[in-house]
Amino acid sequence: MEAAWVDRLERRWGFLAAPGLPGFAAAMTAAVGLLAQTKPEFADALALDSSALLRGQVWRALTFLAVPPPTGVLWLLLWALLIYSCLKALESAWGDFKLTVFLALGALCSSLTAAALGAAVARFPQPYGSVGVQFGNAYVLLAAFLAFARLLPDREMLIMFVLPVKLRWLAALAAVWTLAQFLGADAISRAEIASGLAPYLIFFGPGHWSDARQAWRRWRAGLER
């Protein structure tokens, strides 16, 4: 079973689960995006910025998850709906506690990485300059989408509301695109990608490793026939 260790945590710490996370996350994303239409500085005050985080603005370690990409109102609502659908599927498959742990890991890994890199950049500004490190939430949300696809690979999603595509293929495309981004990025961008995807790797990495080993054994067995 994927991430069975979380089940052991839940037996002791299950009361820490945050119920209703899909609806809350989608509503907060829509609200932040709508407010940012008229006051862009509002989103800036919630974003994950290492300089502000190190000055004590600790709320950014969570609120950055609700900052959507700059876009129009229609795409904002579609983005919020996609977040709700993805997280709701994970909540149905996992329950409140496991989803809470998954998102908390994403926030924690991203925030700690940004803070550590920000402190390093402030101490040794070359070659990145003296500005703080800013991380977005795209890769944390991508981790949630990949988890969704891992659990329900045969579920279909309508591309442009017309073309049905199974989640397994969308996840494969996303993985290839992310790998290309990682290989072509600088050190800070690579750290953002790795920290954002950390929850997925922690939850599903052992399962992927096991799948790879089994595929290797089948391939070797086929050669020996």
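The preceding data block contains the structure.
Residues numbered from 1 in each chain as written. Predicted model: local features only at pLDDT ≥ 70, side-chain atom pairs only at ≥ 80, totals over all residues. Heavy atoms only, no water.

Draft legend 1. Representation of the overall build of the protein chain in the model. A tally of helices and strands in the protein chain yields ten helices and four strands. Mapped in sequence order, the helices and strands of the protein chain form the string α-α-α-β-α-α-α-α-β-α-β-β-α-α. A globule of 225 residues ought to have a C-alpha radius of gyration of about 17 Å, and the protein chain, at 19 Å, matches this closely. For the protein chain, the C-alpha atoms occupy an extent of roughly 65 × 45 × 40 Å along the three principal directions. Residues counted as buried form 38% of the 225 residues belonging to the protein chain. Intrachain contacts of the protein chain at a sequence separation of at least 6 include 71% that bridge at least 24 residues. Counting every atom, the protein chain has about 13,200 Å² of accessible surface; 68% of that belongs to carbon and sulfur. Between the centroid of the 19 positive side chains of the protein chain and the centroid of its 14 negative side chains there is a distance of 7 Å. (Helix = DSSP H or I, 4+ residues; strand = E, 2+ residues; numbered from the N terminus. Rg over C-alpha atoms; globule rule 2.2 N^0.38 Å. Buried < 20%, exposed > 50% of the residue type's maximum accessible area, 1.4 Å probe, protein only. Contact = heavy atoms within 4.5 Å. Areas by Shrake-Rupley, 256 points an atom, 1.4 Å probe, with all protein chains shown as cover. Lys, Arg positive; Asp, Glu negative; His and termini not counted. Charge placed at Lys NZ, Arg CZ, Asp CG, Glu CD.)

Draft legend 2. Main features of helix α9 (residues 167-184). Given a rise of 1.5 Å per residue, 18 residues ought to cover 26 Å, and the 26 Å separating the end C-alpha atoms of α9 matches this to within 8%. Buried within α9 we find L167, L170, A171, A174 and T178. Buried residues of α9 fall within an arc of 95° about the axis and therefore sit on the same side. Seen from the buried face of α9, the exposed residues on the opposite side, beyond 90 degrees, are W169, L173, V176, L179, L183 and G184. (Expected span 1.5 Å × (residues − 1). Arc of directions from axis to C-beta.)

Draft legend 3. Region of interest: the environment of P206. Following the sequence through the fold, P206 ends up in helix α10 (residues 187-224). In this structure P206 comes out as exposed when scored by relative accessible area, which is 54%. Separated by 203 residues in sequence, P206 and A3 place their C-alpha atoms 8.5 Å apart.

Draft legend 4. Quick peek at the nonpolar core. In terms of nonpolar packing, the biggest core is built from 36 residues, with L87, L90, F102, F145, L146 and F203 touching the most fellow members. Per element, the largest residue contribution to this core is ten residues, and it comes from helix α8 (residues 138-151). Apart from the residues within four sequence positions on either side, F145 is in contact with C86, M157, L167, L170 and A171. Within the second largest apolar cluster, 14 residues are counted, among which are A61, A114, V133 and A191. (Core = buried A, V, L, I, M, F, W, Y, C linked by side-chain atoms within 4.5 Å.)

Draft legend 5. Here's a closer look at the side chain of E192. The residue E192 is located in helix α10 in this model. Comment: no salt bridge for buried E192; closest opposite-charge side chain is R190, at 12 Å. A distance of 2.9 Å separates a polar side-chain atom of E192 from the backbone nitrogen of G136. (Salt bridge = Lys/Arg side-chain N within 4 Å of Asp/Glu carboxyl O. Polar contact = N/O pair within 3.5 Å; in protein donor to acceptor, adjacent residues only side chain to side chain.)

Draft legend 6. The state of the cysteines, seen in detail. Counting across every chain of the model gives zero disulfides. There is no disulfide at C86, and the cysteine sulfur nearest it, in C109, is 18 Å away. Taking the relative accessible area as the measure of exposure, C86 reaches 6% and is therefore buried. (Disulfide = S-S within 2.5 Å.)

Draft legend 7. Here's a closer look at a nonpolar patch on the surface. A surface patch of nonpolar side chains, about 430 Å² in accessible area, is lined by L9, W13, F15 and L16. Within the element layout of this structure, L9 appears in helix α1 (residues 4-13). (Patch = residues over 30% accessible without salt bridge, like charges linked within 9 Å, V, L, I, M, F, W, Y side chains within 5 Å.)

Draft legend 8. Expanded view of the packing of aromatic side chains. Under the counting rule described, the total for this entry stands at eight aromatic pairs. Relative to F203, the ring of F102 has its centre 5.1 Å away and its plane inclined at 80°; by these criteria the two rings are edge-to-face. Residue F102 is located in helix α7 (residues 96-123), and its partner F203 is located in helix α10; the two are separated by 101 residues in the primary sequence. The burial state of F102 is the same as that of F203; both residues are buried. Here the guanidinium or amino end of R190 rests over the ring plane of F182, the centre of that ring lying 5.3 Å away. (Phe/Tyr/Trp six-rings, centres within 6.5 Å; stacked < 30°, edge-to-face > 60°. Lys NZ or Arg CZ within 6 Å of the ring centre and 35° of its normal.)

So far we have only geometry, and geometry alone does not tell us how the molecule works.
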